[in-house]
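Inside the fold
Next come the chains, spelled out residue by residue.
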Amino acid sequence: MNKNLNNVYDALVIGAGFSGLYQLHRLRDDLGLKVAVIEKGADVGGTWYWNRYPGARCDSESQGYAYFFSRKLHENWQWSERYPGHNEIRKYLNYVTDSLNLRKDIFFNKTVSKCSFSEDAKLWEIQTENGDARYCKWLITAVGCLSAANVPNIQGLSRFEGQWYHTGKWPHYDIDFKGLRVGQIGTGSTGIQAAPEIAKTCEHLTVFQRTPNYSIPARNSEWDALYTDWVRSHYEELKALVRSTPNGHPFRISNNLTMEVSEAERQKMFEAAWSDGGLRFRGVFLDLLTSQTANSAAADFIKSKIRQKVTDPATADILTNIDHPYAAKRPPIDTHYFETFNKDHVTLVDLQADPIAEIVQNGITLESGTHHELDVIVFATGYDAMTGPLLNLNIETAKASLKSYWGGGPRNYLGLAIPGFPNLFTITGPGSPSVLSNMPVSIEQHVDWITECIAHCLETGCTSIEAQEQSAEIWTDHVRETADATLLPKVKHSWYLGANIPGKPRVFMPYAGGLNIYRKICDNIAEEGYKGFDLISDKTHVISKPLDFKPSEGFMFGV
Ligand code: NA7
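Here is a short report on the structure shown in this document. (Residues numbered from 1 in each chain as written. Predicted model: local features only at pLDDT ≥ 70, side-chain atom pairs only at ≥ 80, totals over all residues. Heavy atoms only, no water.)

Here we come to the site of the ligand. Not every one of the 19 residues close to the ligand is listed here, only the nearest: Thr-190, Arg-210, Thr-211, Lys-329 and Arg-330. Here an oxygen atom of the ligand and a backbone polar atom of Thr-187 are 2.9 Å apart. In this structure, an oxygen atom belonging to the ligand sits 2.4 Å away from a side-chain N or O atom of Thr-211. Taken together, the residues of the shell around the ligand sort by class into 7 nonpolar, 9 polar and 3 charged. (Near = heavy atom within 4 Å. Polar contact = N/O pair within 3.5 Å; in protein donor to acceptor, adjacent residues only side chain to side chain. Nonpolar A, V, L, I, M, F, W, Y, C, P; charged D, E, K, R; others polar.)

Let us look at the environment of Asn-87. Position of Asn-87 relative to the elements: it lies in helix H4 (residues 86-99). Separated by 30 residues in the primary sequence, Asn-87 and Arg-57 have C-alpha atoms spaced 8.6 Å apart. For Asn-87, the side chain forms a polar contact with the side chain of Arg-90, separated by 2.6 Å. (Helix = DSSP H or I, 4+ residues; strand = E, 2+ residues; numbered from the N terminus.)

Although it is not a glycine, Asn-101 adopts a positive phi angle of roughly 55°. Tracing the sequence through the fold places Asn-101 in the loop between H4 and strand E3 (106-107). The phi angle at Lys-122 is positive, at roughly 55°, despite the residue not being glycine. Here Lys-122 lies in the loop between strand E4 (112-118) and strand E5 (123-128). With relative accessibility at 35%, the residue Lys-122 sits in the partly exposed group. (Buried < 20%, exposed > 50% of the residue type's maximum accessible area, 1.4 Å probe, protein only.)

With that out of the way, let us pick up helix H8 (residues 263-276). If you check H8, its first and last C-alpha atoms are 20 Å apart, about what 14 residues at 1.5 Å a residue would give, namely 20 Å. Listed in full, the buried residues belonging to H8 are Arg-266, Met-269, Phe-270, Ala-273 and Trp-274. The buried residues of H8 all sit within an arc of 140° when viewed along its axis, so they share a single face. Counted as exposed and oriented over 90 degrees from the buried face of H8: Ala-264 and Lys-268. Of the residues trailing H8, Gly-277 is marked for its positive phi of about 80°. (Expected span 1.5 Å × (residues − 1). Arc of directions from axis to C-beta.)

Structure, rendered in structure tokens:
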């Protein structure tokens with residue numbers, strides 16, 4: 001190790017998105033630690049630094065998609081629309097960065113290539129691709145859940161003579177689609193946002209759909225001054241609301257059960273939720289994700305709406321041939337997605353009927369031999385979600401690598417600590433509510449918990465904290481049992497399950513028990529002296545308590 005005082009830190013944080021920025025602030029400004037952030041991109045933003053595709057916009061409503069730790073930050077910021085667009089989110093994160101003077105402690109343009117723990121020095125060594133090394137006692141990953149882009153291995157891509165892009169690694173300049181024939185592969189949340197925007201200017205858009213998807217109208221709109229004032233002056237109420245809901249969103253989920261109201265009432269409630277638009281639709285009944293009957297009622301309602309929007313019945317058939325329960329895959333919301341297929345220059349290709357055979361120089365050929373000539377291919381094909389960004393860091397100790405430890409799927413404690421990997425914390429890791437919730441709210445909860453945990457270690461002279469193997473086993477079982485009590489795992493191709501990546505173990509990754517319940521579990525564990533962790537002092541005295549956490553029966557799926 002070539003250590004000198006300059007490159008040894010109390011803590012290093014990987015990633016300068018919502019998580020990394022707040023973690024830097026808390027450790028540096030509240031605990032007074034020497035901290036730095038290592039970031040791959042050239043600026044702050046994390047996921048939003050890379051996601052700049054046409055139509056890229058957050059599905060969370062703006063009034064809840066922000067930090068709530070600072071009243072001042074809240075009151076001096078103003079969102080302009082119901083859902084924040086990618087440019088505005090980057091502006092917001094730059095505003096936070098500058099307000100808190102964070103930039104000076106961020107190393108940009110540095111991709112972490114390896115994180116190895118030295119048992120002797122009790123330090124993590126963080127190497128970057130350009131050959132730098134930095135050292136720290138506490139290592140915190142803030143790499144996001146959706147940052148490892150998945151470009152499917154379709155034969156022939158290297159032969160394609162046009163341009164191709166992945167939505168999650170979009171160029172930092174506007175692409176002019178005028179006069180171009182564009183093929184878009186993928187109809188998840190991203191593809192559903194991108195297609196209507198690309199269709200606005202291109203000569204022809206061909207959407208290659210493998211699995212049809214439900215989508216609810218987003219009903220985005222500009223905020224008026226009255227609402228902006230209301231949001232700015234209702235900091236405490238909004239903060240209390242997002243911290244109390246199971247999904248961290250600024251709206252309550254109804255307690256009504258779908259089949260306990262009359263058919264007429266049910267349709268009326270679906271209609272009202274459809275008019276409200278967005279992820280709120282998911283909250284119209286309590287049991288949409290736990291009762292197949294309830295879910296089918298919602299699914300039928302949405303399918304009937306899609307049929308009303310799409311003028312060609314054959315196209316409507318392909319769009320509504322949906323094989324999974326509503327919201328069991330991440331439920332998209334859209335702005336004129338289905339209406340886009342009514343345009344003469346937009347074609348839908350059903351890959352279930354005729355899969356892609358190969359990509360050739362001038363387009364995509366299907367197994368039937370049908371050929372689609374293309375100038376541009378847009379891969380809206382998602383991510384190696386949740387585990388991908390963590391495994392890409394090549395985290396290892398002398399005894400194990402994370403890749404081998406997670407060979408059968410992620411195993412950890414509370415989604416934030418992994419047995420065998422001391423002093424390592426994973427913000428919004430698999431096994432935490434993360435992607436089932438409104439991310440900034442989950443992020444704040446994790447960062448606060450990690451900060452308090454490190455503060456506790458510093459106060460008590462503990463030099464090392466590590467999750468116990470048994471705790472990880474109990475927690476991982478609980479994550480699975482909680483998901484199994486819902487319709488969430490009943491999907492063929494879902495990135496929640498890792499099923500979108502060939503060879504990835506099929507394990508339901510996020511915690512579906514609800515952010516509010518999860519928060520209580522984490523708080524209880526901290527209050528009871530970090531139950532389930534081994535805390536080791538300089539004299540290697542283990543002061544941990546065994547975990548007696550019993551999985552609760554309560555669960556609540558976010559959106
Ligand atoms: P998703 O939700 O993983 O969607 C990816 C889409 O790409 C989905 O329609 C996939 O079909 C399709 N896909 C993936 N691989 C292929 C291949 N090989 N051939 C054809 N089609 C393919 O990613 P998004 O970026 O839309 O959304 C990710 C999250 O970002 C989103 O949920 C929000 O939380 C924000 P499939 O369904 O697998 O059949």
